[in-house]
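Reading the structure
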Amino acid sequence: MGYFRENIEKLAGYEPGFQPKAADVVKLNTNENPYPPSPEVVKAVAAMSAEGLRRYPDPTADAFREAAGQLHGLGPEFIMCCNGGDDLLTIAFRAFCDENRAVAYPVPTYSLYAVLAKLQNCRAIEIAFDAEYNLPPKLVGTAATLTIVCNPNAPSGTFISAGELACLADELSGVLLIDEAYVDFADDNCAGLVKEFDNVIVLRSMSKGYSLAGIRFGYAMANPALIDGLMKVKDSYNVDAVAIAAATAAISDQAYFRDNVERVKKDRKTLIANLESLKFKVMDSSSNFLLARCVNGNAGEVYNSLAERNIYVRYFNLPGLNDKVRITVGTSEQNEKLISALKEIVS
Ligand SMILES: *Cc1c(COP(=O)(O)O)cnc(C)c1O
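**A word on the sheet that holds strand E9 (residues 281-282)**
Read across the sheet, four strands follow the order E9-E10-E13-E12 without closing on themselves; strand pairing throughout is antiparallel. The sheet is open, and its two edges are formed by E9 and strand E12 (314-315), each paired on a single side. Of the strand pairs in this sheet, E9 and strand E10 (residues 289-293) are connected by two bridges, and their pairing is antiparallel. From the neighbouring strand, Lys281 faces E10, where its bridge partner is Arg293. Lying on the sheet, helix H11 (residues 254-277) is in contact with E9, E10 and strand E13 (324-328); it crosses E10 at an angle near 10 degrees.

**Considerations on the nonpolar core**
With 83 residues, the main nonpolar core has Met206 and Leu275 as its most contacted residues. Composition of this core by domain shows at least three residues from each of domain 1 (6-36 + 255-346) and domain 2 (39-253). Leu112, Ala117, Leu146 and Ile201 belong to the second largest nonpolar core, which has 36 residues in total.

**With respect to the site of the ligand**
In the vicinity of the ligand, the contacting residues are Gly84, Gly85, Asp86, Tyr110, Cys150, Asp179, Ala181, Tyr182, Ser205, Ser207, Lys208 and Arg216. A distance of 2.6 Å separates a nitrogen atom of the ligand from a polar side-chain atom of Asp179. Interatomic distance of 2.6 Å between a side-chain N/O atom of Ser205 and an oxygen atom of the ligand. Classifying every residue of the shell around the ligand gives four nonpolar, four polar and four charged.

What counts as what
- Residues numbered from 1 in each chain as written.
- Predicted model: local features only at pLDDT ≥ 70, side-chain atom pairs only at ≥ 80, totals over all residues.
- Heavy atoms only, no water.
- Pairing = 2+ DSSP bridges.
- Helix = DSSP H or I, 4+ residues; strand = E, 2+ residues; numbered from the N terminus.
- Contact = heavy atoms within 4.5 Å.
- Axes fitted to C-alpha atoms, helices over the stretch in contact; angles between N-to-C directions.
- Core = buried A, V, L, I, M, F, W, Y, C linked by side-chain atoms within 4.5 Å.
- Buried < 20%, exposed > 50% of the residue type's maximum accessible area, 1.4 Å probe, protein only.
- Domains from an automatic or database assignment.
- Near = heavy atom within 4 Å.
- Polar contact = N/O pair within 3.5 Å; in protein donor to acceptor, adjacent residues only side chain to side chain.
- Nonpolar A, V, L, I, M, F, W, Y, C, P; charged D, E, K, R; others polar.

By themselves, these figures tell us nothing about what the structure is for.
Here you go:
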């Protein structure tokens, strides 16, 4: 017998997107924000004192909870901070799932959910989206103790209305976790549901909208009873002092944040039009990336030809996705480089 639990022994771990070492590449493969974080973030990090590093951080990061609470019109007791949104996903699986308590989610979606289910040794009920990525009615009635809806969904970029998710929350007997990692680029969100429903958790990430993928910070919004339970499961010091300072500065600079998001949304429109003029079929996107079907379905070749030119996009060699590439919306300059490379490649 090996040293590991059987499910770990068998597990093919989560595969993160390629992180090229060189800086001078066009990196449109892991959905980072192309713009730097707010100057206030850099100031806050530079202002960290030796004493602030010597001591343990605030275990609940109350400075951030206050700031986020103000933004969402919620008391801090509705918020829990995490070491990236991924930390919240791990906490939720540990809190709600085991051999007898299943997770359910529509697919294709964020591939980490399946990996976490295997780690936790719980059954994963995967329900296929239709071609338009509508909310699958079969999500109701799975009896899963945890249901996850990624909204906007990855890798499709599609969006399900808050009204539909409210109906789903109402019908489920278990917890509904809405993964809003990309919601900053959408026109609506589900933050309001956490006051209305005692079984809804909304996940937010500082990695995309706030340009802070490098520091690892995210948060949960939920009814205080759910937050209290989740707090029991998290590591006591799950967010570090530097991250708390950076994330609090970022969320407090809403003007800077909104400007960046608007720029990405505007460039998304241009990029869609340019891809369509090259005969790519592009899903309607509420996120900072696009899922684009290549004319001949030869997405693997398109991926390789771009990589040869130091332009990185994401390619999933999976059923339903292997004819498409996922492209992060970059700066206008990066998007133009991508489009001129694609012009060469498809001609
Ligand atoms: C990026 C992302 C997250 C969380 O990412 P963190 O960097 O850990 O905050 C969660 N869900 C999806 C679908 C994501 O793309």
